[in-house]
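What follows is the residue order along each chain.
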Amino acid sequence: MAVFKRVSKKKFDEIRDTLESFLRSRGWERTFRLKSLDEDEGIKRFIEFFEEISTVIVSVGDMTVYAVPLYYFDPRLHYGYYLVSFLVIKRDPSGYTIEIKYSDSLRGFIKASSREEVEKLVDKLFGGFIRLLEKAVSTGSPNATKLAELIECLDEIKTISFLEKIYGDEILNDTETISGLHSICSREADFFANDKVIVIPEMDLRVVRDKDSGRIFIYVYRGSDIYIYRGFYEVSPETKIFYDALFTGFRDLLKPEAVVEDEHGYRYSISSTEVAVEGRNVSLVAVGTYDQEKKNWRYLRDIFAITCDNRCSIYPFWEKHIINDIHGIDKHINFEGVKETLIRYILSSKEIQRRAREWMTKELTKKHTWEILPA
């Protein structure tokens, strides 16, 4: 069932103009703190406006969420627009916090051949999340509050919507996945991974796996010159082996094995593992900064996958591009020191597959003396 409401162009423009006019009058401020909902007449009228136009209204504990998912479509010209706006009211002993979620990333241009195609597109972006939120509240799900709080984060909304498309209501009861995405949204964690999803914001990496079919999807920008949006797309057959390896071996990368210092004195933590995918060995190498006191990664700069068949290939997950020539690695790795860090570790590590070490040794002429320090 589609959750987006179709309206006329006149109604769409009226709602959009009212939203933007209010925000403009408040200096585009989106969060307001009041002792009483009657304290500010303008905000009171704005809440009443949301109550009138909302297609979804849910209350979870001391939080009420109004959702406005709308679109219009001109079948003669094959284009239209969509918008999603949320109004969140949170109550606590000292008063109310009112938050408005509306930005460029929550509205967009649609080019499609039919109304059905438009509904399918906008529903793919946001529909699953709104359906799960409604169901979570109506069934008293313990995940209802965490889902409501994900409204803070557009990327998490789209990820939940995509997971709902694959797994249906099953995802509503998956506390591990919802809590993990919530921890990313609230910045309580720097990354999250399980058997369904891997999210590493620092690497701009967001991956979803359909466990039943084995298909894997990554979150990237795609579209025509007219309409470009961020969504999930299936990985190519050539790169799928690397993502299969990442889902299999990611947890083994969480404990650093060594610290490498480059020629400028910067230190990088490194961990590695090797997994078998479809009869081929894939080595994974994570490079980043590790907090020894807290015993966790502060951030991951990149993860590299290396596999050797007739030739060796490197896949940096940051760049999402296969490298078959080690001399071209500079074109695909943007962080200073990471190239040297990666190469020296591979050349010295017994954990990395022998063929990869032999290939790099053959292709490279070492210019520096590198020191491997204990982790």
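Reference entry: report on the structure contained in this document. (Residues numbered from 1 in each chain as written. Predicted model: local features only at pLDDT ≥ 70, side-chain atom pairs only at ≥ 80, totals over all residues. Heavy atoms only, no water.)

1. Section: helix H6 (residues 175-185)
- Counting buried positions along H6 gives 8 out of 11 residues, so the element sits mostly inside the fold.
- Among all positions in H6, only Thr177, Ile178, Gly180, Leu181, His182, Ser183, Ile184 and Cys185 are buried.
- At the exit of H6 stands Arg187, carrying a positive phi of roughly 65 degrees. (Buried < 20%, exposed > 50% of the residue type's maximum accessible area, 1.4 Å probe, protein only. Helix = DSSP H or I, 4+ residues; strand = E, 2+ residues; numbered from the N terminus.)

2. What to know about the nonpolar core
- Val65, Phe126, Phe129 and Leu147 are the most contacted members of the largest nonpolar core, which totals 52 residues.
- With 10 residues, the top contributor of residues to this core is helix H3 (residues 115-139). (Core = buried A, V, L, I, M, F, W, Y, C linked by side-chain atoms within 4.5 Å.)

3. Brief notes about the pattern of salt bridges
- The full count for this structure, using the stated rule, is 21 salt bridges.
- Between Lys9 and Asp13 there is a salt bridge whose closest N-O contact spans 2.9 Å. Highlighted residues: Lys9 and Asp13, both in helix H1 (residues 9-25), separated by 4 residues, approximately one helical turn.
- Here Lys211 ties to Asp195 by a salt bridge, and the two come within 3.0 Å at their closest N and O atoms. Residue Lys211 is found in the loop between strand S10 (205-209) and strand S11 (216-223), and its partner Asp195 is found in the loop between strand S8 (192-193) and strand S9 (197-200); the two are separated by 16 residues along the sequence.
- We classify Lys211 as partly exposed; its relative accessible area is 39%.
- Through salt bridges with shared partners, a single ionic network connects Lys9, Asp13, Arg16 and Asp17. (Salt bridge = Lys/Arg side-chain N within 4 Å of Asp/Glu carboxyl O.)

4. What to know about the packing of aromatic side chains
- In this structure the tally under the stated criterion is 17 aromatic pairs.
- Aromatic side chains Tyr72 and Tyr81 sit 6.1 Å apart centroid to centroid with 35 degrees between the ring planes, which places their arrangement in the tilted category.
- What makes Tyr81 partly exposed here is its relative accessible area of 31%.
- A network of ring pairs unites the aromatic residues Phe22, Phe32, Phe46, Phe49 and Phe50 as a single cluster.
- Sitting over the face of the ring of Tyr167, Lys196 holds its NZ or CZ atom 5.3 Å from the ring centroid. (Phe/Tyr/Trp six-rings, centres within 6.5 Å; stacked < 30°, edge-to-face > 60°. Lys NZ or Arg CZ within 6 Å of the ring centre and 35° of its normal.)

5. Concerning the pairing of strand S2 (residues 31-34)
- Burial along S2 is one-sided: Phe32 and Leu34 are buried, and none of Thr31 and Arg33, which face the opposite way, are.
- The sheet contact formed by S2 and strand S6 (residues 95-101) spans 4 bridges and is antiparallel. Across the sheet, residue Phe32 finds its bridge partner in S6, namely Ile98. (Pairing = 2+ DSSP bridges.)

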